[in-house]
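Residue-level listing of the chains:
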Amino acid sequence: VSIATDTSSYAYGATAKVTAHLGTTYDGRTLAIYAQPYGGTKTLVKTGTVDSHGNLATSWKVTRRTTFTAAFAGDYRYAPATASRTVSSYAKVSESLSGYYGSTYYGSVRYRVYHHTAKARLNVTVAPGKPGECVRFQTQRYYGGAWHTQSTSACHALSGTSTGYTTQSLTTAVGSRFRVRAEYVHS
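Overview of the structure. (Residues numbered from 1 in each chain as written. Predicted model: local features only at pLDDT ≥ 70, side-chain atom pairs only at ≥ 80, totals over all residues. Heavy atoms only, no water.)

### Brief notes about the overall build of the protein
Looking only at helices and strands, the protein features 0 helices and 17 strands. The C-alpha radius of gyration computed for the protein amounts to 24 Å, which surpasses the reference 16 Å derived for 187 residues by more than 25%, pointing to a less compact arrangement than a globule. In terms of principal-axis extent, the alpha carbons of the protein reach across some 80 × 35 × 25 Å. Counting the 187 residues in the protein, one finds 30% classified as buried. (Helix = DSSP H or I, 4+ residues; strand = E, 2+ residues; numbered from the N terminus. Rg over C-alpha atoms; globule rule 2.2 N^0.38 Å. Buried < 20%, exposed > 50% of the residue type's maximum accessible area, 1.4 Å probe, protein only.)

Next up, the structure:
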């Protein structure tokens, strides 16, 4: 018995394609595929007879590190057997801006427009929930035909709802273009 996935690491919420393989047996050709997300319970995903190549395929939505197990119950001549494969999932970081009063385009890129007395605010949500873990914010400014890093924050702990934010004063930024981003730091 063996088990494989289409890759070893998935974006949060991506679908893993899982294929279990059963080699030579006497008369048992049934496999079961289980999934056990980290901290969760083991769940039967699919059970069935393998195809003419000895394969049984299924899919599973990955939201955290998950162990997939293929199980053969055995038959008259062959003992039960299992095989496992663990895949990882990286966190999803969602960002949104607030505090702006309009939008404009430079080429095909949309920019938010702020009043010089406003504070630009970058809101971030990390999924699955990572309360208390670290997120860093980086601000870059465009000048001289290139983006230049202006600041990278220290670690900010995510709230109990796995959210956070940073603000930036714009009093000396009239006519400038900025980009900001949040980076989740796995702890």
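Read on, since the account is not over.
### A look at the sheet that holds strand β6 (residues 55–62)
Two strands in a sheet stick together by hydrogen bonds in their backbones, pointing the same way (parallel) or opposite ways (antiparallel). In space, the 3 strands of this open sheet follow the order β1-β3-β6, with antiparallel pairing throughout. Since the sheet does not close on itself, it has two edges, and those belong to β1 (2–5) and β6, each with one partner. Neighbour-to-neighbour, the strand axes of the sheet open up by a mean angle of 25°, direction not taken into account. Alignment of β1 against strand β3 (residues 14–21), held across 4 bridges, turns out to be antiparallel. By the bridge assignment, A4 is partnered in β3 with T19. (Pairing = 2+ DSSP bridges. Axes fitted to C-alpha atoms, helices over the stretch in contact; angles between N-to-C directions.)

### Regarding the state of the cysteines
Summed over all chains, the structure comprises 1 disulfide. The disulfide partner of C134 is C155, and the S-S distance across this bridge is 2.0 Å. Linking C134 in strand β13 (residues 134–143) with C155 in the loop between β14 (146–152) and β15 (156–157), this pair joins segments that are 21 residues apart in sequence. Taking the relative accessible area as the measure of exposure, C155 reaches 46% and is therefore partly exposed. (Disulfide = S-S within 2.5 Å.)

### Describing unusual backbone geometry
Trans is the common state for peptide bonds, and a negative phi is the common state for residues other than glycine. In the segment running from A127 into P128, the intervening peptide bond is cis, with an omega of -5°. Within the element layout of this structure, P128 appears in the loop between β12 (119–127) and β13. Backbone geometry at S162 places phi at a positive 60°, although glycine is not the residue there. Relative to the assigned elements, S162 resides in the loop between β15 and β16 (163–169).

### So, the nonpolar core
Of all hydrophobic cores here, the largest spans 17 residues; its most connected members are I3, A16, V18, L31, I33 and F68. Among the secondary structure elements, those contributing two or more residues to this core are β3, β4 (30–37), β6, β7 (66–72) and β8 (81–90). Not counting residues within four places of it along the chain, the set of residues in contact with F68 comprises I3, T5, A16, V18, Y34, A35, W60, V62, A83, S84, R85 and V87. Formed by 9 residues, the second largest nonpolar core is a distinct cluster that contains A91, L122, V126 and A182. (Core = buried A, V, L, I, M, F, W, Y, C linked by side-chain atoms within 4.5 Å. Contact = heavy atoms within 4.5 Å.)

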